[in-house]
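The chain contents come next:
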Amino acid sequence: MAHHHSKVLILGSGPAGCTAAIYAARANLEPMLVAGLQPGGQLTITTDVENFPGFAEAVQGPWLMEQMQAQAEHVGTRFMDDTIVSVDLSKRPFTAIGDSGDTYTGDTLIICTGATARWLGIESEKTFSGFGVSACATCDGFFFRGKEVAVVGGGNSAVEEAIYLAGIASKVTLIHRRDSLRAEKIAQDRLFANPKVSVLWDSAVDEIVGDSNPPGVTGVRVKNVKTGALSVLPVDGVFIAIGHTPNTDLFKGALEMDAEGYLITKAGATSTNIPGVFAAGDVQDKIYRQAVTAAGTGCMAALEAERFLAAHGHGT
C-alpha cells in the first residue's frame, strides 16, 4: 500500500482533468492525476468529434483523449491507474484512498469525475451506440441533417434536445411514457409550436432496430404502456435524453451539491465550499456538458489551484 503526494491532486481523466493537469504541470506543480473507472471520460464512448476546436476533419473521441493524456504526461503529469473509493476533505492535505489500497494526498484537490448519461438499459441501445444512438444532440445532431430522429424522455433536457434537433433533422418524434411532459411550461410551448416535432405519448422504447453491416439504426419499436400495442417508428437516429447522473457519491456530506447531485462552485469560478478544493467539467456543469467547456473549466481550476498554493505558502 503506497502513499503518493502532490501539490495538485486531480481526480478524473476526461477533458477537464487532462486540461487541469496540463496547466498545473506547466506551472511546475507536478500534478498527480488518478484516472478513475472510465479513463478518458465520456469522449471514449464517442465516435466522430467535429466540434472540438483545432481539427478541420472529424476526429475519433478515444484518439482525442489519448492525445490529451499524452500531452498532460509530456509536460510532467503523473498518471495513476486507480479508482478512488473514499476521500477525507476535513483537513489539508486532502486524502483520497484508491481501490488498490494506495493513498493519495494533495495540498489542493481538483475534482473532474464527470457525469454519466442515463441509458434505457436495453441491449440494442449498446449495439447501436455511436451508430445512430446518442445521449448528446449537441454532439451528434449534425450527422442527422435532413433525416428523421427520435428523442426519448419528457424532462427539460429531452424537450431542449428535440427543439435543437428540429433545426437540423427533417422530423423529430419525442417518445414519452406518460401523457404529459415534466419540462418547464415555456419549453413545452416552444416544442408544441414547432411543426417538425411530434410527440408519441404513453409510449416506451421496446427495442432499437437496425442493420448490422454496416451498423445503423433504421427504427424504434415502441410499446404503448396503456394498451401494450407494439409499433415500429422508422428513424435514422435515437437520442436518449433521460438525464445525467453526476459522479459525486464520494463527496456527499463534504461538499455542497444541488438537488441533482452536481457540485456547486462559486459563480465565474471553480472553487467549492472547501478552500483548496475545486471542481471542473460535467461534475459541476449540467447546462453545457461539452468537451470544450469541460476543458475550459479544467484550465480555470488549475489556475485557481496555483493561486491558492501561492497564497498558502506552497511555492512552485
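Residues numbered from 1 in each chain as written. Predicted model: local features only at pLDDT ≥ 70, side-chain atom pairs only at ≥ 80, totals over all residues. Heavy atoms only, no water.

Caption draft 1: Quick look at the packing of aromatic side chains. For the structure on display, the rule yields 5 aromatic pairs. Look at Phe192 and Trp201: their rings are 6.3 Å apart centre to centre, the planes differ by 50°, and that puts the pair in the tilted class. According to the relative accessible area criterion, Trp201 is partly exposed, its value standing at 31%. Note on Phe278 and Phe308: the rings are 6.3 Å apart at their centroids and 80° apart in plane angle, and the pair reads as edge-to-face. Taken together, the residues Phe278 in strand β19 (residues 277-279) and Phe308 in helix α7 (residues 291-311) connect sequence positions 30 residues apart. Residue Phe308 is classed as buried on the basis of its relative accessible area of 11%. (Phe/Tyr/Trp six-rings, centres within 6.5 Å; stacked < 30°, edge-to-face > 60°. Buried < 20%, exposed > 50% of the residue type's maximum accessible area, 1.4 Å probe, protein only. Helix = DSSP H or I, 4+ residues; strand = E, 2+ residues; numbered from the N terminus.)

Caption draft 2: Focus on the pairing of strand β13 (residues 197-200). The pairing of strand β12 (residues 171-175) with β13 spans 4 bridges and is parallel. The residue of β13 that forms the bridge with Val172 is Val197. Crossover β12 to β13 through helix α6 (residues 185-193) is right-handed. (Pairing = 2+ DSSP bridges. Right-handed = clockwise from strand over helix to strand, strands pointing away.)

Caption draft 3: Expanded view of the environment of Glu207. Considering the arrangement of structural elements, one finds Glu207 in strand β14 (residues 203-212). Distance from Glu207 to Ala259, taken between C-alpha atoms, is 32 Å for residues 52 residues apart in sequence. Discounting chain neighbours no more than four positions away, the residues touching Glu207 are Ile122, Ser124, Val220 and Arg221. (Contact = heavy atoms within 4.5 Å.)

Caption draft 4: Representation of unusual backbone geometry within the structure. That bond from Arg92 to Pro93 is cis: its omega, -5°, falls within 30 degrees of zero. Note on placement: Pro93 falls in the loop between β6 (84-88) and β7 (94-98). Note the cis peptide between Asn213 and Pro214, where omega equals -5°. The residue Pro214 is located in the loop between β14 and β15 (215-224) in this model. Phi angles above zero are rare outside glycine, and Asn28 is one such case at about 65°. As for its position among the elements, Asn28 is in the loop between α1 (15-26) and β2 (32-34). In this structure Asn28 comes out as exposed when scored by relative accessible area, which is 54%. Residue Glu30 is not a glycine yet carries a positive backbone phi of 45°.

Caption draft 5: Fine view of α6. All of the buried residues along α6 are Ala187, Gln188 and Leu191. One side of α6 holds all its buried residues, which, seen down the axis, span an arc of 100°. In this structure, α6 carries Lys185, Ile186, Arg190 and Ala193 as exposed residues pointing more than 90 degrees from its buried face. Buried-residue contacts for α6 involve α5 (156-166), β12 and β13. (Arc of directions from axis to C-beta.)

Caption draft 6: Geometry of the sheet that holds β15. Taking strand neighbours across the sheet as the criterion, the 3 strands line up as β14-β15-β16 in an open arrangement whose pairing is antiparallel. Both edges of this open sheet fall to β14 and β16 (230-234), since each of them pairs with a single strand only. Averaged over all pairs of adjacent strands, the angle between their axes in this sheet comes to 30°, without regard to strand direction. (Axes fitted to C-alpha atoms, helices over the stretch in contact; angles between N-to-C directions.)

Caption draft 7: Molecular detail of the pairing of β7. By the alternation rule, side chains of β7 split into Phe94, Ala96 and Gly98, which are all buried, and Thr95 and Ile97, of which none is buried. Note: β6 against β7, 4 bridges, orientation antiparallel. Each residue of the ladder has a partner; that of Ile84, found in β7, is Gly98. Connecting β6 to the next strand, β7, in antiparallel fashion are 5 residues. Sheet topology places β7 next to strand β8 (residues 103-111); 4 bridges connect them, and they run antiparallel.

Geometry only, nothing functional implied.
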